[in-house]
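Summary of structural features
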Amino acid sequence: MDLLRFITAGSVDDGKSTLIGRLLYDSKSVFQDQLEAIEKTGQVNGQINLALLTDGLKAEREQGITIDVAYKYFSTPKRKFIIADAPGHIQYTRNMVTGASNSELAIILIDSRKGVIEQTYRHSYIASLLKIPHVVICVNKMDLVDFSKERFQEIVEDYKNFASDLDFKGLEFIPISALNGDNVVDTSPNMTWWKGKTLLGYLEDLEIEVDETKHEPRFPVQYVIRPQTEEHHDYRGYAGQVRSGVFKKGDEIAVLPSGLRSKIKSILTHEREVEEAFAPMSVTILLEDEIDISRGDMIVTDKHQPVVSQDLEAELCWMDAKSLVPGNKYLLRQTTGSVKSAVKEISFRIDIQTHEKLESSQLALNEIGRIKIRTAKPIAFDSYSENRGTGSFVLVDEGTNNTVGAGMIVGAY
């Protein structure tokens, strides 16, 4: 069975945690002891409070909101799933970025009574920015608008008008009631006008193309193996995970940012030697020549090289209470490497609602903008649109060790 990673997002009280609880409950993915535990904790309108299956933090249960990203796993006979339940509060938007970075699909919930609101704009733009290819808009709480077809269609039109310039490969709309289970796992008898799939039916049948072997070969070095024993006196292996593409024994390679060249002598897994390695395999690569390679360097095939530069232009989601201003210095972590960097310029910030580019001298918490940044030494990268693995980075405050920004590289400037 293949695996689908998806994230749920939406505003506070739109029913994200209840929806995931309903998926787990109706697909028989909840253990009996879990059910007994939440039955003791509390009920909603005489029903089990399914949100408690995901809201695990004490503060979340006390406030009835999601604060951190909660990961849940379940499977059906057709597919395995990993769900990231993202918080809805605006101050936790940065958590949504974390959960969305590895997702192939986003479920965005809209309260049928409220319609499209600011957090809908925000989460949709982030999904587009992070190149999540498929988005499902679940119009929830249809039971509170008498399962109105007209209200559902009105929200669909509002959202389509807003999202016309967002980069989604697939966009679907499903009317649901997470609390009662309408159109979540089973078809709703209350919405006979709906002829589409249930949410689970859509998730099971969705065709996903996440073939990293189609991208150019990239191997960030994580660890240099030097046993220095009599048996392995001259052994020098480079361990890591193939981020994209395929490497084969005998390939001519380059090591970046130095530009040194060699050939692949052998490729080893933990149990045997293999003729080729492809994403996302973890392997050790041995080269024919002894050249200077360290953690953070990138092995690539000689013909298809990424950009090597100290000057990056990137889209940035700012995650710190202290605003970003030009001149600030941070540790930039990209693939397996870390390098000191300085923000040179804020080109503009994005108005989440209108997508307008606004002049700005700073980026505040949860704002998104375009920046130019210079690193202390050259790094190898692709644009994020070409390769999510090598085109992304985080900024870390060296004083607090907090991750303060998540970036998607546009290119060199």
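All values derive from a computational prediction rather than experimental measurement.

Sheet strands pair by backbone hydrogen bonding; their relative direction is either parallel or antiparallel. Taken together, six strands build an open sheet; the order of strands is β4-β5-β1-β6-β7-β8 and the sheet is mixed. Looking at which strands have only one partner, the edges of the open sheet turn out to be β4 (70–75) and β8 (170–175). The mean inter-strand angle of the sheet, taken between neighbouring strand axes irrespective of direction, is 20°. Sheet topology note: the strand β7 (residues 134–140)/β8 ladder contains six bridges and is parallel. Bridge pairing in β8 links Cys138 to Ile174. Across the face of the sheet, helix α1 (residues 16–26) comes into contact with β1 (3–10), β4, β5 (80–85) and β6 (105–111) while running at roughly 150° to β1. Contacts from helix α6 (residues 149–162) reach β6, β7 and β8 within the one sheet, and its direction differs from that of β8 by about 155°.

Between Leu256 and the following residue, Pro257, the backbone shows a cis peptide bond with an omega angle of 15°. With respect to the helices, strands and loops of the structure, Pro257 is situated in the loop between β13 (252–256) and β14 (260–268). In this chain, Ala279 is followed by Pro280 through a cis amide linkage whose omega measures 5°. Here Pro280 is to be found in the loop between β16 (276–278) and β17 (282–287). One non-glycine residue, Phe147, adopts positive backbone phi at about 55°. In this fold, Phe147 is placed in the loop between β7 and α6. On the basis of relative accessible area, Phe147 is assigned to the buried category, the value being 17%.

Another point: the pattern of salt bridges. Side chains that carry opposite charge are capable of pairing whenever their charged atoms lie near each other. Scanning the model with the defined rule gives 18 salt bridges in all. Put simply, Arg79 and Asp2 hold a salt bridge, and the shortest N to O gap is 2.9 Å. Residue Arg79 is located in the loop between β4 and β5, and its partner Asp2 is located in the segment before β1; the two are separated by 77 residues in the primary sequence. The class of Asp2 is partly exposed, set by a relative accessible area of 36%. In this structure, the salt-bridge partner of Lys340 is Glu398, at a minimum N-O distance of 3.0 Å. Of this pair, Lys340 sits in strand β21 (residues 337–350) while Glu398 sits in the loop between β24 (392–396) and β25 (403–412); the two residues are 58 residues apart in sequence, bridging distant segments of the chain. A cluster of three or more residues bridged by salt bridges with shared partners is formed by Lys78, Lys197 and Asp205.

Turning our attention to α1. Counting buried residues along α1, 10 of its 11 residues qualify, which places the element largely inside the surrounding structure. Turning to α1, its buried residues are Lys16, Ser17, Thr18, Leu19, Ile20, Gly21, Arg22, Leu23, Leu24 and Asp26. Note on α1: the residue one or two positions beyond its end, Lys28, has a positive phi of about 60°.

Another aspect to go through is the side chain of Ser360. As for its placement among the helices and strands, Ser360 is situated in the loop between β22 (357–358) and β23 (368–381). A distance of 2.5 Å separates the side chain of Ser360 from the backbone oxygen of Gln362, its partner in a polar contact. The contact partners of Ser360, leaving out residues within four places of it in the chain, are Ile346 and Arg349.

A word on the confidence of the model for the chain. Here the chain averages 87 in pLDDT, while 87% of its residues score no lower than 70. Low pLDDT (under 50) marks residues 57–67, which in the prediction has 26 contacts with non-local residues, meaning those over four places away or in another chain.

Of all six residues making up β17, five are buried, and the element is well covered by its neighbours. When strand β11 (residues 237–241) meets β17, the two strands line up antiparallel, connected through five bridges. Of the residues in β17, the one forming a bridge with Gln241 is Ser282. Of the pairings in the sheet, the one linking β14 to β17 comprises four bridges and is antiparallel in character. Bridging from a neighbouring strand, Ser266 pairs with Leu286 of β17.

Thresholds, definitions, all that
Residues numbered from 1 in each chain as written. Predicted model: local features only at pLDDT ≥ 70, side-chain atom pairs only at ≥ 80, totals over all residues. Heavy atoms only, no water. Pairing = 2+ DSSP bridges. Helix = DSSP H or I, 4+ residues; strand = E, 2+ residues; numbered from the N terminus. Axes fitted to C-alpha atoms, helices over the stretch in contact; angles between N-to-C directions. Contact = heavy atoms within 4.5 Å. Buried < 20%, exposed > 50% of the residue type's maximum accessible area, 1.4 Å probe, protein only. Salt bridge = Lys/Arg side-chain N within 4 Å of Asp/Glu carboxyl O. Polar contact = N/O pair within 3.5 Å; in protein donor to acceptor, adjacent residues only side chain to side chain. pLDDT = per-residue confidence, 0-100.

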